[in-house]
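Coordinates in review
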Amino acid sequence: MAERRPPISGLFDQPIQVINVGVPSFSDDLKRQGVPVRHVDWRPPAGGNKRIQALLRRIKNGEKTS
Amino acid sequence: MPLLSQLKKDTYFDSVTLMLATNELKKIRGVHQAVIGMGTDYNLESLKRLGLLSPELADATPSDLILAVDAATEEAAVMTLREAERLLSVKKGAASGTADYAPATQAGAAKALPGANIVLISVPGDYAASEARRALDSGRHVMLFSDNVSIDDELELKTRAVEKNLLMMGPDCGTAILNGVPLAFANAVRKGDIGVVAASGTGLQEVTSLIHRMGCGVSQAIGVGGRDLSEKIGGIMTLQAVRALEDDRQTKVIVLLSKPPAEKTFHALLGVLKDVKKPVVIYFIGADPVPIERLGFAAAQNLEDAARTACRLSTGRQPSPLLSDEEIAEKASKVRLTAPSLRALYSGGTLCDEAQRILLPRLKTIHSNTPVAGCEKLPNVYQSRGHTILDLGDDEFTRGRAHPMIDPSFRQEKILSEYADPETGMLVVDVVLGYGSHPDMAGAVVRSIEEARERSPRPVVLAATLCGTEDDPQDYEKQRRTLEDAGVFVFPSNVSMVKFIVSVMSHG
């Protein structure tokens, strides 16, 4: 479910808080500046196996997998 | 020759970390080849080509970490693997922090930081769109640093963002400053009343840094990704960002930086811009300023001019130039060329583009790997000829390597080879400071210059443009002194360095 968020101009009145998905040094830079940040320990879904990823996508979209 | 390899199941590192670690390992004495990477098909194929694919690594999957070392002695190989472990454990520690738990998903991170309003995404392109979709669906703004995202995905993501009244910056968006917070590759810039929207990362860094150094400040700097003003995307995010800046109480002046938009997009953009009540400065790189001025907007001639015009509109006063034309001519009068050709080694694409455009009418023939109209494409991008202006951050140079703003090694090699070429009379670089960038690029450049001088002791005129502010983590003044102490002429903007080049070339 999507949460209700304020519009873009609302963003400019709020303190920036970041979720970082990917390059860890971006998190480190923000931490150093005292910006609240949470780093995601991301890894490729399904162990990077493209076939299983496609299968999972189809299941998620409610398609037949056979 | 001893070959050692190691496979670590289910251990993931991002490509930047792995490329930088690989570089460190290659510096170890006795190491012929070292590879650390994820077990992707591409990486396994590369190992095979290099003769480094051991049976142990053959079954690796993209979620496994692979390490392979070819070294002169077994001892060197073992030491290298140990060093690899150390480098990666340091990285892992820094990223996860001492006390912070790093969840495996965005949803987990959102539970830990419920007030999060931006998701910064830099995973490989194949996975980036789905992470961005997830972020937008949770009502958060997105900065999509990743490249290799399809234009169809970009269109879908931006359309979704507009429906939800969110920002979707990127793909391939390297720079943004929101509420004074620099994100990814951005400079520490004073807060102020100038809002910038840009489809160019280094263009945004140059303009925001110059605004700061001219004494003004930035309310918001919003990157939109290089394709936003294409016909297919139609400027969706540029329009969204301009509207947001118009609503923003802190923003008094709006600056728009981009390559010239597609015809249809240009008209849509003007339709929105003409109703904007705040002054708008436009720099469509390389486009004719006259039609823009005719419509009542301030058209800038170059990046520095965009910053200066914005400051004038913000304060009502013309800011004094950071370096006057007389001062530039005076510096140029101190040197004489002893060989005819200019060699420019840029890490910033827009700065490379700007230099070509200004220099083309003066130098007549310019070669580049990324030529603008009128310049010539180098037949072999690794072999400069005549006046050559290179963008070392372009895709063909960064395959399998980190960007030259993070990793100086490729530019260091180029400094050595250009210096050794008897045709080279003048060698220039850009040094881009700020968060994300190398901690001591000036030092790295100077080390290669010194090595080059030892190898080929002859006079070459050296110049650098230093992009950044005194609040950047690298210390602007220290970087400037490092370059100047090595005999490099340092300029506060790319345009002033290009004027210096023109002046030196004209008196030969």
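Residues numbered from 1 in each chain as written. Chains lettered and ligands numbered in written order. Predicted model: local features only at pLDDT ≥ 70, side-chain atom pairs only at ≥ 80, totals over all residues. Heavy atoms only, no water.

Structural notes on the overall build of chain B
Helix and strand counts for chain B stand at 19 helices and 20 strands. Compactness check: chain B gives a C-alpha radius of gyration of 24 Å against a globular reference of 23 Å for 508 residues, within 12% of the reference. Each principal axis of the C-alpha atoms in chain B carries an extent, and together these give about 70 × 60 × 40 Å. Across the 508 residues of chain B, 59% fall into the buried class. When the accessible area of chain B is evaluated, it comes to approximately 20,300 Å², of which 50% is carbon and sulfur surface. Separation of charge centres in chain B, based on 56 positive and 65 negative side chains, amounts to 3 Å. (Helix = DSSP H or I, 4+ residues; strand = E, 2+ residues; numbered from the N terminus. Rg over C-alpha atoms; globule rule 2.2 N^0.38 Å. Buried < 20%, exposed > 50% of the residue type's maximum accessible area, 1.4 Å probe, protein only. Areas by Shrake-Rupley, 256 points an atom, 1.4 Å probe, with all protein chains shown as cover. Lys, Arg positive; Asp, Glu negative; His and termini not counted. Charge placed at Lys NZ, Arg CZ, Asp CG, Glu CD.)

Brief notes about the packing of aromatic side chains
Per the counting criterion, the structure on display carries 11 aromatic pairs over all chains. With 5.0 Å between their ring centres and 70 degrees between their planes, Phe26 of chain A and Phe145 of chain B make a pair best called edge-to-face. Of this pair, Phe26 of chain A sits in helix H2 (residues 24-32) while Phe145 of chain B sits in the loop between strand S5 (141-144) and helix H7 (151-163), each in a different chain. Residue classification places Phe26 of chain A among the buried positions, given a relative accessible area of 4%. With a centroid separation of 6.1 Å and 80 degrees between ring planes, the pair formed by Phe26 of chain A and Phe185 of chain B is classed as edge-to-face. Pair noted here: Phe26 of chain A is in helix H2 and Phe185 of chain B is in the loop between strand S8 (181-184) and strand S9 (191-198), and the two residues belong to different chains. For the pair shown, Phe26 of chain A and Phe185 of chain B are each scored as buried. (Phe/Tyr/Trp six-rings, centres within 6.5 Å; stacked < 30°, edge-to-face > 60°.)

Looking at the interface of chain B and chain A
A common way to express how large an interface is: the accessible area buried when the components associate. Each side of the interface is counted separately: chain B has 66 residues, and chain A has 41 residues. When the two sides are added together, the surface that chain B and chain A hide from each other amounts to roughly 4,700 Å², 59% of it contributed by carbon and sulfur. One salt bridge in this structure joins Asp13 of chain A and Arg249 of chain B, with 3.5 Å as the shortest N-O distance. For the pair chain B and chain A, the interface holds 17 residue pairs in polar contact (both at pLDDT 80 or more). Mapped onto the side of chain B that touches chain A, the elements with two or more residues apiece are helix H1 (15-26), helix H4 (74-96), helix H5 (106-112), strand S4 (118-121), helix H6 (125-137), S8, strand S10 (218-223) and helix H9 (236-247) of chain B. Residue classes in the side of chain B that touches chain A are distributed as 35 nonpolar, 19 polar and 12 charged. (Contact = heavy atoms within 4.5 Å. Buried area = accessible area lost by both parts, 1.4 Å probe. Salt bridge = Lys/Arg side-chain N within 4 Å of Asp/Glu carboxyl O. Polar contact = N/O pair within 3.5 Å; in protein donor to acceptor, adjacent residues only side chain to side chain. Nonpolar A, V, L, I, M, F, W, Y, C, P; charged D, E, K, R; others polar.)

A few points about the domain arrangement of chain B
All names here are of chain B. Per the domain assignment, the segments of chain B are domain 1 (3-96), domain 2 (119-172), domain 3 (180-318) and domain 4 (325-507). Centre-to-centre, using C-alpha coordinates, domain 2 lies 22 Å away from domain 3. The partner domain 3 presents 16 residues to the 21 residues of domain 2 that form the contact. The junction of domain 2 with domain 3 conceals about 1,500 Å² of combined surface from both sides, 67% of it contributed by carbon and sulfur atoms. By the criterion of area lost to domain 3, the three top residues of domain 2 are Ile151, Leu155 and Lys158, representing 31% of everything that side buries. On the surface where domain 2 and domain 3 come into contact, there are three salt bridges. A salt bridge links Asp228 to Lys158; the shortest N-O distance between them is 2.8 Å. (Domains from an automatic or database assignment.)

Brief notes about the packing of H6 of chain B against H7 of chain B
Residues and elements named next belong to chain B. Packing of H6 against H7 brings their axes to within 10 Å, and their N-to-C directions diverge by 5 degrees. On the basis of their axis angle, the class for H6 and H7 is roughly parallel. In contact with Ala129, Ala132, Arg133, Leu136 and Asp137 of H6, H7 contributes Asp153, Glu156, Leu157, Arg160 and Ala161. Grouping the amino acids of the contact of H6 with H7 by side-chain chemistry returns five nonpolar, no polar and five charged. (Axes fitted to C-alpha atoms, helices over the stretch in contact; angles between N-to-C directions. Parallel < 35°, antiparallel > 145°, perpendicular 65-115°, else oblique.)

Regarding the environment of Tyr382 of chain B
All names here are of chain B. Residue position: Tyr382 is located in the loop between strand S16 (376-377) and strand S17 (388-391). Here Tyr382 falls in the partly exposed class, since its relative accessible area comes to 45%. For Tyr382 and Ser417, which are 35 residues apart along the polypeptide, the C-alpha to C-alpha distance reads 9.9 Å. Residue contacts for Tyr382: discarding those within four places in its chain leaves Glu396, Phe397, Phe410 and Lys414.

Here's the deal with a nonpolar patch on the surface
A cluster of nonpolar side chains, Ile52, Leu55, Leu56 and Ile59 of chain A, forms an exposed patch at the surface whose accessible area comes to about 330 Å². Take Ile52 of chain A: it is sitting in helix H3 (residues 50-60). (Patch = residues over 30% accessible without salt bridge, like charges linked within 9 Å, V, L, I, M, F, W, Y side chains within 5 Å.)

Looking at the environment of Asp147 of chain B
All names here are of chain B. Counting through the fold element by element, Asp147 comes out in the loop between S5 and H7. The class of Asp147 is partly exposed, set by a relative accessible area of 36%. Sequence-wise, Asp147 and Cys173 are 26 residues apart; in three dimensions their C-alpha atoms are separated by 8.1 Å. In contact with Asp147, other than residues within four places in its own chain, are Gly125 and Asp172.

Topic: helix H17 (residues 441-455) of chain B
All names here are of chain B. In this model, H17 (15 residues) spans 21 Å end to end at C-alpha, consistent with the 21 Å of a helix rising 1.5 Å per residue. When H17 is considered as a whole, its buried residues turn out to be Met441, Ala442, Gly443, Ala444, Val445, Val446, Ser448, Ile449 and Ala452. Where the residues of H17 are buried, they touch helix H16 (409-420), strand S18 (424-432), strand S19 (461-467) and helix H18 (476-485). (Expected span 1.5 Å × (residues − 1).)

Describing the pattern of salt bridges
Any two side chains of opposite charge can pair, given that their charged atoms come close. Residues and elements named next belong to chain B. Scanning the entire structure with this criterion turns up 32 salt bridges over all chains. Here Arg134 ties to Glu131 by a salt bridge, and the two come within 3.0 Å at their closest N and O atoms. With a gap of three residues between them, Arg134 and Glu131 both fall in helix H6, about one helical turn apart. Among the residues examined, Arg134 registers a relative accessible area of 43% and is labelled partly exposed. Judged by its relative accessible area of 7%, Glu131 is buried. Through salt bridges with shared partners, one network takes in Arg133, Asp137, Asp153, Glu156, Arg160 and Lys164.

Notes on the sheet that holds S5 of chain B
In spatial order, the strands read S2(A)-S1(A)-S4(B)-S5(B)-S6(B); together these five strands make up an open sheet with parallel pairing. Because the sheet does not close on itself, it has two edges, and the strands there are strand S2 (37-40) of chain A together with strand S6 (168-169) of chain B. Both strand S1 (residues 18-21) of chain A and S4 of chain B contribute to a ladder of four bridges, which runs parallel. Bridge assignment links Val18 of chain A to a residue of S4 of chain B, and that residue is Ile118 of chain B. (Pairing = 2+ DSSP bridges.)

A closer look at the sheet that holds strand S1 (residues 3-8) of chain B
Residues and elements named next belong to chain B. Taken together, the three strands give an open sheet; going across it, the order is S1-S3-S2, and neighbouring strands pair in antiparallel fashion. Edge positions in the sheet fall to S1 and strand S2 (31-38), since each has one partner strand and no second. Strand-to-strand twist of the sheet, defined as the mean angle between neighbouring strand axes without regard to direction, takes the value 5 degrees. Of the pairings in the sheet, the one linking S2 to strand S3 (residues 65-71) comprises seven bridges and is antiparallel in character. Counted as the bridge partner of Gly37 is Ile66 from S3. On the sheet, H1 packs against S2 and S3 and is oriented at approximately 165 degrees with respect to S2. Lying over the sheet, helix H2 (residues 41-50) contacts S2 and S3, oriented at roughly 165 degrees with respect to S2.

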